[in-house]
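Reading the structure
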Amino acid sequence: MTASQERGAWGSRVGFILASAGSAIGLGNIWRFPYIAGENGGAVFVLIYLLCVFFIGFPVMIAELTLGRNTEKNPVGAIKTLAPGSSWKYVGSLCVLTGFVIFSWYCVVAGWVVGYLYKTAAGHFSNLEDPSVTETIFINFASDPWTVIFLTLFFISLTGYVVFRGVKGGIEKCSRILMPLLLVLLVLLAVRAITLPGASEGLVFYLKPDFSKIDINVILAAMGQALFSLSLGMGTMITYGSYLSKKDNIPTSAAWVCTFDTGIAILAGFAILPAVAAMGLEYGEGPGLIFQALPSIFGAMPGGQWFGIGLFLLIGIAALTSTVSILEVPVAYMVDEKKWLRKKAVLVTCSVAFILSVPAALASGASEFLSNLPILGKDFFTVISTLFGPISLAIGSLFIAIFVGWRWTVSKAKEEIESENVRFVIGNLWNFTIKFIAPVTITIVFIYTFWNTFFG
Ligand code: PHE
């Protein structure tokens, strides 16, 4: 058995693209994108978001995939191989740590989704029209300690099972079936939302840019969202790239992943914002948009229960293909660097992540202390998901761009991309974006996020 057979490899190019798109498409697209767009001026945000995907996300994704394929390693191993004995390895460690922590809080929200899938199926939201009632339901739900802990544990175990099955048997098979299903469900949902009476105002908000709404906050919100949504900055794409074959065309694969991810986010906007307008709700409803406002919309429309089930099932599926990719980072690190068996790596990471997830799960009302931390004045979930979310992903992406652009050097990366006669058509543009545009703009995102969190 060769080394690469032992580590596992993608069964086909389509399988790789579907799995990577599955990583990118998650709560970030369906839960976060519509409400951030709603808070940041709608169409104008969407426009800037698209620019960020193209000029920052796409080049950093190429950089991560190339690093992974060249070294066939996890983030720590990849950087150690290319810059042995240097402090650059700590960038890899940051990636692994970020993966651990994001996994723990992400599974809390994914657990809520499972809880809401059950609630919707059980008819808890039938004949509900008043958003304040659904708000109470959400508060009661999120502050019931045993329910949220159980749901989080459920989601962690589910992810652990898929990752344990290995690259080809687990992740790829799962993505192959689930991703196309996700697309179909979302299109159906968007069609239903757009045809609701009163939805057109939401469509105008979403599609007609009001340039007077552009400010630095909108630009930075779009950038932060792009990094999170494309799964960049913690080595997910380094790890996924390490299972790629030399024959694969990295820029083309990255372009497909960016297109799928952005397409799903835009579709989610079509499913949610027109419905919000139709119900006379606020676009800037915030993170509770899905959990509080949508059940009331479903409650108010004929057959709404089915749309509710479809929506929460869809979000749960999308979240699973993302948590699988997040967990894969620390697991690949342990398998490669610590020479652990995959089974042991999965068991240990899931157990540690579960312990970490408990305070995050209890921070939405279940524990008085965790819901309002002394000194910080914020809840534990907000603190941990900001630090190990936009902040650490921005730092990670920044260093990955600098590492590939300046330390490993663009010419070596290009050699890897162009191996086996692949033509890198946009090579010069990538050179410029990875060395200059991406690091500079990501620095601004990082400073802004830091400032906003601690002094805002
Ligand atoms: N991109 C995923 C989402 O949108 C989240 C994620 C972030 C996954 C970082 C992997 C790495 O939900």
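A short tour of the structure in this document, coming up. The structure displayed is predicted, hence computed values, not measured ones. (Residues numbered from 1 in each chain as written. Predicted model: local features only at pLDDT ≥ 70, side-chain atom pairs only at ≥ 80, totals over all residues. Heavy atoms only, no water.)

**Examining the overall build of the protein chain**
Rules: Counting from the N terminus, the helices are the DSSP runs of H or I reaching at least four residues and the strands are the DSSP runs of E reaching at least two. Residue burial is assigned from relative accessible area. The probe radius is 1.4 Å, only protein chains are included, and a residue is buried under 20% of its type maximum, exposed over 50%, and partly exposed in between. Contacts between residues were defined by any pair of non-hydrogen atoms, one from each residue, lying within 4.5 Å. Method for areas: the Shrake-Rupley scheme with a 1.4 Å probe, in which residue coverage is limited to the protein chains shown.
Along the backbone of the protein chain there are 20 helices and 0 strands. Over its C-alpha atoms, taken along the principal directions, the protein chain stretches across nearly 60 × 50 × 45 Å. Across the 456 residues of the protein chain, 59% fall into the buried class. If you take every contact in the protein chain between residues at least 6 apart in sequence, the share linking residues at least 24 apart comes to 81%. Within the structure as shown, the protein chain displays about 18,000 Å² of accessible surface, and the carbon and sulfur contribution to it stands at 67%.

**Some points on the site of the ligand**
The following threshold applies: Nearness of a residue to a molecule or strand requires only that one of the residue's heavy atoms be within 4 Å of it. Residues adjacent in sequence count toward polar contacts only when both atoms are side-chain atoms; beyond that, a polar contact is any pair of N or O atoms within 3.5 Å, and within protein one must be able to donate a hydrogen and the other to accept it. Residues were grouped as follows: Ala, Val, Leu, Ile, Met, Phe, Trp, Tyr, Cys and Pro as nonpolar; Asp, Glu, Lys and Arg as charged; and all remaining residues, including Gly, as polar.
Around the ligand, the surrounding shell holds 15 residues, and the nearest of these are Ala-24, Gly-28, Tyr-106, Phe-228 and Ser-229. Residue Ser-23 places a main-chain N or O atom 3.5 Å away from a nitrogen atom belonging to the ligand. Taking Ser-231, its side chain carries an N or O atom lying 3.0 Å from a nitrogen atom of the ligand. In isolation the ligand offers 320 Å² of accessible surface; the protein chains occlude 100% of this area. Those elements giving two or more residues to the shell around the ligand turn out to be α2 (13–24), α3 (27–39), α11 (216–229) and α15 (304–337). Residues that form the shell around the ligand fall into these classes: 6 nonpolar, 9 polar and no charged.

**A few points about helix α10 (residues 200–207)**
The criterion, for reference: The arc in question is the one spanned by the directions pointing from the helix axis to the C-beta atoms.
Where α10 is concerned, the buried positions are Gly-202, Phe-205 and Tyr-206. Down the axis of α10, the sector holding all buried residues measures 95°, keeping them to one side. Residues of α10 that are exposed and angled more than 90 degrees away from the buried face: Ser-200 and Leu-207. Summarising the contacts, the buried residues of α10 are in contact with α3, α4 (43–71) and α13 (250–278).

**Digging into the side chain of Thr-441**
Its location among the elements puts Thr-441 in helix α20 (residues 427–454). In terms of polar contacts, Thr-441 uses its side chain to reach the backbone carbonyl oxygen of Ala-438, at 3.2 Å. If near-sequence neighbours (up to four positions away) are discounted, Thr-441 is found in contact with Ile-56 and Met-223.

**Quick notes on unusual backbone geometry**
Unlike most non-glycine residues, Lys-339 shows phi in positive territory, near 60°. Accessibility expressed as a relative area gives 67% for Lys-339, which makes it exposed. Its identity is not glycine, yet Glu-420 carries a phi of approximately 55°, on the positive side. Residue placement: Glu-420 occurs in the loop between α19 (410–417) and α20.

**Describing the packing of aromatic side chains**
Selection rule: By convention, a stacked pair of Phe, Tyr or Trp rings (six-membered ring in the case of Trp) has centres within 6.5 Å and planes under 30 degrees apart, an edge-to-face pair has planes over 60 apart, and any other such pair is tilted. Note on criteria: charge over ring means Lys NZ or Arg CZ within 6 Å of the ring centre, with the direction from the centre no more than 35 degrees off the ring normal.
Summed over all chains, the structure comprises 28 aromatic pairs. For the pair Trp-105 and Tyr-106, a centre-to-centre distance of 6.0 Å together with 45° between the ring planes defines the contact as tilted. Classification of Trp-105 as buried rests on a relative accessible area of 4%. Classification of Tyr-106 as buried rests on a relative accessible area of 4%. Taken together, the ring pairs in this structure connect Trp-105, Tyr-106, Trp-112, Tyr-116, Phe-125, Phe-138, Phe-141, Phe-228, Phe-291, Phe-312 and Phe-381 into an aromatic cluster. The lysine or arginine in question, Arg-32, covers the ring of Phe-228, its NZ or CZ lying 6.0 Å from the ring centre. Lying over the aromatic face of Trp-340, Lys-344 brings its terminal NZ or CZ to 4.2 Å of the ring centre.

**Here's the deal with the packing of helix α6 (residues 89–121) against helix α16 (residues 342–361)**
Which entries qualify depends on this criterion: Axis lines are fitted to C-alpha atoms, over the contacting stretch for helices. Their N-to-C directions set the angle, which ranges from 0 to 180 degrees. In this scheme, roughly parallel covers angles under 35 degrees and roughly antiparallel covers those over 145, while 65 to 115 is roughly perpendicular and the rest are oblique. Two helices cross in a left-handed way if the nearer one is turned anticlockwise from the farther one by less than a right angle. They cross in a right-handed way if the turn is clockwise.
Close contact between α6 and α16 brings their axes to 8 Å; oriented N to C, the two are set at 55°. Taken as axis vectors, α6 and α16 run oblique relative to one another. Crossing handedness for the pair α6 and α16: right-handed. Two secondary-structure elements touch here, α6 through Phe-100, Val-101, Phe-103, Ser-104, Trp-105 and Val-108 and α16 through Thr-349, Cys-350, Val-352, Ala-353, Leu-356, Ser-357, Ala-360 and Ala-361. When the residues that make up the contact of α6 with α16 are grouped by side-chain class, the tally is 11 nonpolar, 3 polar and no charged.

**Structural notes on the pattern of salt bridges**
We apply this condition: The term salt bridge refers to a side-chain nitrogen of Lys or Arg lying within 4 Å of a carboxyl oxygen of Asp or Glu.
Applying the stated criterion across every chain yields a total of 5 salt bridges. Note that Glu-416 is salt-bridged to Arg-69, the shortest N-O span being 2.8 Å. Of this pair, Glu-416 sits in helix α19 while Arg-69 is found in helix α4, placing the two residues 347 residues apart along the sequence. The pair formed by Glu-416 and Arg-69 is uniform in burial state, with each residue classed as buried. Bridged by salt links that share partners, the residues Arg-69, Lys-246 and Glu-416 form one connected network.

Read these as layout, nothing more, since geometry by itself doesn't imply function.
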